[in-house]
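# Observations on chain architecture
Residues per chain are reported as follows:
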Amino acid sequence: MPQTFRSRSLYCSYIVPIITVLAHFQCSYVSDDTLREIAVACTDLRFLDASYCSNISLEAVRMPRLVDLRLHNCEGINATSMASLSECVFLEALQLDFCWLLTSVTLDLPRLRHISLVNCRKIVELNLSSPALVSINVTSCPILNRIAIISTALEKLVLQKQQSLTTIMLQCLCLSEVDLTGCESLNDSICEVFRDGGGCPMLNTLILDSCESLTNVNLNSISLCTLSLTGCLGLTNLQLACPRLQKVHLDGCDYLEKASFSPVGLYSLNLGICAHLTELEIRAPQMKALEMKGCGALSQANIDCPQLHSLDASFCSLLNNVFLASATAACPSIELLVLMSCTSIGPEGLLALQRLSNLTLLDMSYTYLTNLQPIIDSCSQLKVLKLQACKYLENTALIPLHKGRALPNLCELDLSYGTLSQSAIEELLAWCPHLTRLSLNGCVNMHNLDWRFGACNSYSDSESPKKQNKSDLRDDKINVKGNPNQLLQHLNCVGCANIKKVIIPASAQCVNLSSLNLSLSANIQEVNLACLNLATLKLSNCIALEILQLDCPHLTSLLLQACGIEEQELECTIQSCNLLETLDVRFCPKISSTSIAKLRLMSPDLKRIFSSF
């Protein structure tokens, strides 16, 4: 043998065995024979990238010391290849992406930590047993039907949009988060996997969004903290016994009929609009806020939440006096209670509110209330009362509130869209100076807002003007001497179509009024205000406005969008508003670009002028 050849052979015999990394991707000539030769020659091979080698199937290939194997787009890899992979006992990372002939993966590898199966379009079954497994990437496997995983290290499992997946078996002691979004073939048996004793004792977060085949979700877990069922359109029955559950998402569960949260650790719960929900049970010792608005079919609700602070039962029209009695008994800490459109709750039921000693806000809008006596008798600490669209409310209903005799802490009152008469509203303004926020939006019977009568507010019982003829319903001892300052800060009269004049003279002493909203009151012709601290005035879409006189030295924002005011009237008005910063005159048909230029010169402190020019 020549000396040169002998030296080269000797060199290869020393060098080849110590190769640990080998990459020969996109080599179409590489076959299983090639890999077997490599396995014999490179006994210490740790990393092998054979991606895009279409002729390999790993038949009879043994690489026991291999740690990282990448087989992207290897068309020859199939279910029989698993026998060779099972011999790779040191394997830690395996990538089988785009192996389109692969139908089944069954591996028992004690050191496998990472596996990727992306776009394996024929894979049906995945079985992994690896105590060290920490990540698994399964994406776009449209006919994958069954997954079984055994691992003591896996903490997060994401299997999104596996449309054919029906069976999941998990023995994962450290698994804390599972995301099965869009697995629309999963059925109710999936709950067995995530219950106590089901193989995931540390499960913290479970996401089952858009799993449309779920109909009955029954979970009891001492570890579960977050559950999402958003978009589960088929869900009709939900039973949760998860004492640590703190977040649950039910948006889009439109056909839910029965729901039980007992016990749960929720701090808040929003049921969304579950129009078909008929039965509800909640036992949540820590819950602070509960929203079940729009549950129009709900007739039975058992709520046991001793720390509940806010309850919104808007449009639950079938909830009756029995519900309110049981809820107030079990939830004595309620401070905010919304019973909008709860038309089955009558005056007798409202007496149960006596148990709520901390109640400060009550919303009885869109109900059949005729008077406020049940509320007055039961809610002495009330600060906010909303009575929108209570069209059966009598004109005398507000008289007990006059001078703060009843509900002395009341500071906000909403009477929007009601049918109270002009005189009832005038008396309210005159006799309730303690209110700080008043809403009269859409009150069709209010023809003028003229506070010049406030100057007559100093009458006593002995003077007995006509309005006081109704004082039999008030209190014969009411004696308003002098003209006490109004505490009113915010007044809303949006969309009052019949108002033609708004006059608030200095004699009304509305020194605290900071915001006045008269927008969409299309027939207002005159606005005359003398309010020392008024900062915001909204007159948008008051197309009939002709006269605007303001003695409001602290006005900073004037909104006149789509108003019919003349240029000269506006210029005169602006001259008296030295602190004005924002002016909106967009779509005002009588305001020209020339006028806008004048306004800028007249008020150099104006920071923002919104116009159509």
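Residues numbered from 1 in each chain as written. Predicted model: local features only at pLDDT ≥ 70, side-chain atom pairs only at ≥ 80, totals over all residues. Heavy atoms only, no water.

## Focus: the sheet that holds strand β22 (residues 300–304)
- Strand order in the open sheet made by the 5 strands is β14-β16-β18-β20-β22, with parallel pairing throughout. Of all the strands in the sheet, the pair left with one neighbour each is β14 (216–220) and β22. Averaged over all pairs of adjacent strands, the angle between their axes in this sheet comes to 5°, without regard to strand direction.
- Two elements, β14 and strand β16 (residues 237–242), share 5 bridges in a ladder whose sense is parallel. Along β16, the bridge assignment pairs Asn216 with Asn237. (Pairing = 2+ DSSP bridges. Helix = DSSP H or I, 4+ residues; strand = E, 2+ residues; numbered from the N terminus. Axes fitted to C-alpha atoms, helices over the stretch in contact; angles between N-to-C directions.)

## Description of the sheet that holds strand β29 (residues 448–450)
- With parallel pairing, the 4 strands of this open sheet are ordered in space as β29-β31-β33-β35. Edge positions in the sheet fall to β29 and β35 (547–550), since each of these pairs with one other strand and no more. On average, adjacent strands in this sheet sit at an angle of 10° to one another, irrespective of strand direction.
- Here β29 pairs with strand β31 (residues 501–504) via 3 bridges, running parallel. Across the sheet, Leu449 pairs through a bridge with Val502, a residue of β31.

## Some remarks on the packing of aromatic side chains
- Overall, the coordinates contain 2 aromatic pairs when judged by the stated rule.
- With a centroid separation of 5.6 Å and 80° between ring planes, the pair formed by Tyr368 and Tyr392 is classed as edge-to-face. Residue Tyr368 is found in the loop between β25 (361–363) and α7 (373–378), and its partner Tyr392 is found in the loop between β26 (384–386) and β27 (412–414); the two are separated by 24 residues along the sequence. Of the two residues, Tyr368 and Tyr392, neither departs from the other in class, the shared state being exposed. (Phe/Tyr/Trp six-rings, centres within 6.5 Å; stacked < 30°, edge-to-face > 60°. Buried < 20%, exposed > 50% of the residue type's maximum accessible area, 1.4 Å probe, protein only.)

## Points about helix α10 (residues 593–602)
- Buried residues of α10: Ser595, Ile596 and Leu599, and no others. Looking straight down α10, one finds its buried side chains confined to an arc of 105°; they lie on one side.
- Tucked into the core, α10 has its buried residues touching α9 (567–575), β37 (582–584) and β38 (608–610). (Arc of directions from axis to C-beta. Contact = heavy atoms within 4.5 Å.)

## A few points about the side chain of Ser416
- Here Ser416 lies in the loop between β27 and α8 (422–431).
- Looking at Ser416, the relative accessible area reads 1%, which means it is buried.
- Engagement of the side chain of Ser416 in a polar contact is seen with the side chain of Asp414, the distance being 2.7 Å. (Polar contact = N/O pair within 3.5 Å; in protein donor to acceptor, adjacent residues only side chain to side chain.)

## Here's the deal with unusual backbone geometry
- A cis amide bond, omega -10°, links Ser262 with the succeeding residue Pro263.
- Examined against the element boundaries, Pro263 turns out to sit in strand β18 (residues 258–264).
- Although it is not a glycine, Ala389 adopts a positive phi angle of roughly 55°.
- Along the chain, Ala389 falls in the loop between β26 and β27.
- Ala389 gets classed as buried once you look at its relative accessible area, which sits at 10%.

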